[in-house]
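Here is what each chain is made of, one letter per residue.
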Amino acid sequence: MIKTYFYNHSQQTMHHDVDLSQVHSFLRSPEDLLWIDLYDVGNDELQYVADIFNFHPLAIEDCLHVSPRAKVDDYENYYFFVIHALRYNEESDNEITTLELNVFLGSNYIVTIHKKPMPSIGRIAAVSLHSKRYMNRGPDFLLYSIVDGITDEYFPIMDRISARIDELEDEMYEHQMEAITEEFLALKRTIILIRRVILPQKRIFAPVNGTMLFKINEENIPFYIDLVDHLERLVDSAETSRDLVNGALDTYYSIVSAKTTETMQILTIISTIMMPLTFITGLMGMNVHLPGQDSPYSFWAIMGILFTVIALMLLYFKRKRWL
């Protein structure tokens, strides 16, 4: 599916589904803006648009394959971006999945390519059908609007992860070790993936030595500064969540170790008590005649000795604070 949106600056009007065969007539004025959105297109449609703008084959190859990291490439006449959105489903085996967005940013045009629906693009496209709100400030502002919408989708994910950490901290005293450990490890994998997505995108839009990696109109710079601030907050949140998970996991292992030590201590005390009792009963049960065996009180005497030994050993353990 190929959708087009054209903003005519001189007439202050919006047009959509324009004829791409006339694309060069739409690009005559540097103040006009053409947005082409390609959704789940095949190689033929992608190559058709690439031929119109003479996009580099390497950039087209990146569009056909999944790129693991966000990036921006400078091709002189345009910039090529790889950006990732996130989808979170804690009930799925793969809790976190990424949606890739490829963007070609020119002086008066922008081409977006994605294989799955993206709410940020859908919302802006719906507004652009009848309003110039996103397209009257240049292609860099439209790019900001798209990326800002994607960034806003990260915050509910981080909030849910924070809530899950709190839930696990309460549950780790009740559930079995295997279940809790699996939950913690799944959270760690999720947080690592989120950091791997957010950090490169922050580097793309953050200025380096006061200079952006791509050209931005001066009037739009404050918007990108705000975008970088949001990304920094997300990075800090991810770092905090990672530290909380590691701390909670260490605490849980300490609890398990303490319980194991307590169990071993009890078993050791029982074994220690049983040793002299076993010796006494074994001695008295030998098939030889021992003094006093014929007495009717011998059984009770032996029982008295056994209970006395138990009482003395328990008293000794208590004084040593082993109980």
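Residues numbered from 1 in each chain as written. Predicted model: local features only at pLDDT ≥ 70, side-chain atom pairs only at ≥ 80, totals over all residues. Heavy atoms only, no water.

Caption draft 1: Helix α5 (residues 139-152), seen in detail. End to end, α5 covers 20 Å across 14 residues, agreeing with the expected 20 Å (1.5 Å per residue, within 8%). Counting buried residues in α5 gives 13 out of 14 residues, a clear majority hidden from the surface. (Helix = DSSP H or I, 4+ residues; strand = E, 2+ residues; numbered from the N terminus. Expected span 1.5 Å × (residues − 1). Buried < 20%, exposed > 50% of the residue type's maximum accessible area, 1.4 Å probe, protein only.)

Caption draft 2: Structural context of unusual backbone geometry. Of note, asparagine 54 is a non-glycine position whose phi angle comes to about 60°, a positive value. One can find asparagine 54 in the loop between α2 (43-53) and α3 (57-64). Phi is positive for glutamate 76, which is not a glycine, with a value near 70°. Along the polypeptide, glutamate 76 turns up in the loop between β4 (71-74) and β5 (79-88). Using a relative accessible area of 73% as the deciding quantity, one classes glutamate 76 as exposed.

Caption draft 3: Just a negative patch on the surface, in detail. On the surface, Asp226, Asp229, Glu232 and Asp236 cluster together into a patch of negative charge. Inspection of the secondary structure assignment puts aspartate 229 in helix α8 (residues 221-284). By relative accessible area, aspartate 229 is classed as partly exposed at 36%. (Patch = residues over 30% accessible without salt bridge, like charges linked within 9 Å, V, L, I, M, F, W, Y side chains within 5 Å. Areas by Shrake-Rupley, 256 points an atom, 1.4 Å probe, with all protein chains shown as cover. Salt bridge = Lys/Arg side-chain N within 4 Å of Asp/Glu carboxyl O. Lys, Arg positive; Asp, Glu negative; His and termini not counted. Charge placed at Lys NZ, Arg CZ, Asp CG, Glu CD.)

Caption draft 4: Up close: the pattern of salt bridges. Throughout the structure, instances matching the rule amount to six salt bridges. Here aspartate 73 and lysine 71 are joined by a salt bridge, their closest N and O atoms 3.2 Å apart. Note on aspartate 73: relative accessible area 22%, which makes it partly exposed. Here the salt bridges do not stand alone but share partners, grouping Asp62, Lys71 and Asp73 into one network.

Caption draft 5: Molecular detail of α2. Among all positions in α2, only Leu46, Val49, Ala50, Ile52 and Phe53 are buried. One side of α2 carries all its buried residues, which in axial view fall inside an arc of 155°. Among the exposed residues of α2, those pointing more than 90 degrees away from its buried face are Asn43, Asp44 and Asp51. Contact partners of the buried residues in α2: β1 (2-8), α1 (23-26), β3 (33-39), α3 and β7 (109-114). In the segment just after α2, asparagine 54 is the residue with positive phi, at about 60°. (Arc of directions from axis to C-beta. Contact = heavy atoms within 4.5 Å.)

Caption draft 6: View of the environment of valine 41. If you trace the backbone, valine 41 turns up in the loop between β3 and α2. For the pair formed by valine 41 and lysine 115, sequence separation is 74 residues and the distance between their alpha carbons is 7.3 Å. Once residues within four sequence positions are removed from consideration, valine 41 is found in contact with Met1, Ile2 and Leu46.

Caption draft 7: Here's a closer look at the packing of helix α4 (residues 119-128) against α5. The geometry of α4 relative to α5 is characterised by a closest axis approach of 8 Å and an angle of 135° between their N-to-C directions. What the angle tells us is that α4 and α5 run oblique. Every pair of crossing elements has a handedness; the one defined by α4 and α5 is right-handed. Taking contact as the criterion, the partners of Ser120, Ile121, Arg123 and Ile124 in α4 are, on α5, Leu142, Ser145, Ile146, Gly149 and Ile150. The residue inventory of the contact of α4 with α5, partitioned by class, reads five nonpolar, three polar and one charged. (Axes fitted to C-alpha atoms, helices over the stretch in contact; angles between N-to-C directions. Parallel < 35°, antiparallel > 145°, perpendicular 65-115°, else oblique. Left-handed = near helix turned anticlockwise from the far one by under 90°. Nonpolar A, V, L, I, M, F, W, Y, C, P; charged D, E, K, R; others polar.)

Caption draft 8: Summary view of the sheet that holds β7. Reading across from one edge, β2-β1-β3-β7-β6-β5-β4 is the order of the seven strands in this open sheet, with mixed pairing throughout. Of all the strands in the sheet, just β2 (13-16) and β4 have a single pairing partner and so form its edges. Neighbour-to-neighbour, the strand axes of this sheet turn through a mean angle of 15°, independent of strand direction. Sheet topology note: the β1/β3 ladder contains six bridges and is antiparallel. Bridging from a neighbouring strand, tyrosine 5 pairs with tryptophan 35 of β3. α2 contacts β1, β3 and β7 of the sheet and is inclined by roughly 160° relative to β3. Contacts from α3 reach β4, β5, β6 (96-105) and β7 within the one sheet, and its direction differs from that of β6 by about 155°. (Pairing = 2+ DSSP bridges.)

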